[in-house]
2 protein chains.
Amino acid sequence: MPKEARPGSGEQAKQYALERLRKAILQGEMAPAQRLVENELAESYGVTRASMRAALLDLTSEGLVERIRNRGSRVRVVTVEEAVEITECRMALEGLCAAKAATEATDAQLDELAGLGKAMSKAVADGDPVTYSELNHDLHALIRDISGQHTAVGLLERLNAQLVRHRFQLALRPGRPQQSLSEHLALIEAIRARDPQAAETAVRAHLSSVIDALRAD
Amino acid sequence: MPKEARPGSGEQAKQYALERLRKAILQGEMAPAQRLVENELAESYGVTRASMRAALLDLTSEGLVERIRNRGSRVRVVTVEEAVEITECRMALEGLCAAKAATEATDAQLDELAGLGKAMSKAVADGDPVTYSELNHDLHALIRDISGQHTAVGLLERLNAQLVRHRFQLALRPGRPQQSLSEHLALIEAIRARDPQAAETAVRAHLSSVIDALRAD
DNA sequence: GCGAACAGAATTGTCAACGATTCTGTTTTC
DNA sequence: GAAAACAGAATCGTTGACAATTCTGTTCGC
């Protein structure tokens, strides 16, 4: 039986490298536009270059990494205009998910939503933007999950991955959590009322305010 | 200078194999769920197995091919439910594009739209569903183009690729082109009137009728 | 006869070395 | 002194062979 901690090669190695690098990029450990050299990364993660290469190709098709022929890979930088465009797509797709969620949710799921709402209110009251940001993410994920829209969920996950840097900056802006909170509570209420139209409107209103905030950079 | 006809290997070879295989799948030359053996394909396209393999990986991330570890690749079959889900996503994203197109279009582009509308009317009057289907595709592409929404366009192209088989079946259904035509003309008029709200509504109405048709399989 | 174990074939997955391309700093030429 | 030419280094791209896995048809035990 192979040691399972960190397989030096093979499919598992690729997955391992993929997830570690993705996490590193998402958590901002890699400077924007930083060069990603296959050999260095492979060595530092303890995998072969082939595995690392495959991981980089995957991240490229996820839109997190940019690669130029014979010049290597770099972490992709998302401009503000791109972030706005991406958020507009989220508006459309999350609107769809929210509307579906409003008609499809079970009672247990509605309770879960209410719980998240309370937790978010508390985080804002406590002045804890980091926790709030995490709960925010959880809420959107839960709604996507309830909607049961596999295709939309897949697209949204790709889109969200590209926004982490901007999202992070946004959450720390003073006053932002308060506005965001009230929009989210409205969304939760709309779904709990099983009103798809209102849910979609609430999502769009929320993301519209996100776009305004993005543009105010 | 390398001969440009059909390089046996390298990046160009991958692109060549990629496009030929994609075309073959989209045109239905590959039976649904047909096995795609790397060696066979590589030989028949005159490229190395490595290039073929890379092409298959690309198609996998486009959602056209399914691959199972150590078992090979097969053309992915899209069930009716999936087709519905995908069309719901298109509804959201094309709605966004249509609304943007209504506000962003230049006069020249509006004329182009009108021209396409006339051509589509003619194709229906002539009872030519194949031409109509192509014009249909052109219309959606033009609207996406006008919208200038890079991100949404990218997502939509991926989604559309997965639907070709269903789309094809749909176009040949008696009576379908007539209904489709009137919906498209309404959409064109809404954009020409520079009315984003009406344009989005028209797109949604159209795709909603596509969903009904899909479900009536 | 029927299911389990087993060898052989087919297919994909992985690797390490080699080849090609691009960048960088230096030299040469005008 | 500036632009062009060039060599050297760094890095990615490709190849062909080998290893690992899965499938298939056959045999064996009951």
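The next subject is the relation of the copies chain A and chain B. When chain A is brought onto chain B, the operation consists of a screw motion whose angular component is 180 degrees and whose axial shift is 0.1 Å, with 0.1 Å RMSD remaining. The superposition operator between the copies reduces to a two-fold rotation axis. If distances are taken from each C-alpha of chain A to the rotation axis, the shortest is found for Ala92 of chain A, at 2.5 Å. Here 100% of the interface residues in chain A have copies in chain B that are interface residues too; the copies meet face to matching face.

With that out of the way, let us pick up the interface of chain A and chain B. Of the residues lining the interface, 21 residues belong to chain A; the matching set on chain B comes to 21 residues. Across the interface of chain A and chain B, roughly 1800 Å² is buried in total on both sides, 55% from carbon and sulfur atoms. At the junction of chain A with chain B, the criterion picks out four salt bridges. A salt bridge links Arg204 of chain A to Glu200 of chain B, with the nearest nitrogen and oxygen atoms 3.4 Å apart.

What follows concerns the domain arrangement of chain A. Residues and elements named next belong to chain A. Along its sequence, chain A is carved into domain 1 (11-75) and domain 2 (80-215). Between the C-alpha centres of domain 1 and domain 2 there is a distance of 29 Å. Counting residues at the interface gives nine residues for domain 1, matched by five residues for domain 2. Counting each side, the surface lost to burial between domain 1 and domain 2 is near 500 Å², with a carbon and sulfur contribution of 52%. Of all residues in domain 1, Leu26, Glu62 and Leu64 give up the largest surface area on contact with domain 2, accounting jointly for 56% of the area buried on that side. Taken together, domain 1 and domain 2 are joined by two residue pairs in polar contact (both at pLDDT 80 or more). Counting only elements with at least two residues in the side of domain 1 that touches domain 2, the list comes to α1 (11-26) and α3 (49-62). In terms of residue class, the side of domain 1 that touches domain 2 is built from five nonpolar, three polar and one charged.

Conventions adopted
- Residues numbered from 1 in each chain as written.
- Chains lettered and ligands numbered in written order.
- Predicted model: local features only at pLDDT ≥ 70, side-chain atom pairs only at ≥ 80, totals over all residues.
- Heavy atoms only, no water.
- Least-squares fit on C-alpha atoms with pLDDT ≥ 70 in both.
- Contact = heavy atoms within 4.5 Å.
- Buried area = accessible area lost by both parts, 1.4 Å probe.
- Salt bridge = Lys/Arg side-chain N within 4 Å of Asp/Glu carboxyl O.
- Domains from an automatic or database assignment.
- Polar contact = N/O pair within 3.5 Å; in protein donor to acceptor, adjacent residues only side chain to side chain.
- Helix = DSSP H or I, 4+ residues; strand = E, 2+ residues; numbered from the N terminus.
- Nonpolar A, V, L, I, M, F, W, Y, C, P; charged D, E, K, R; others polar.

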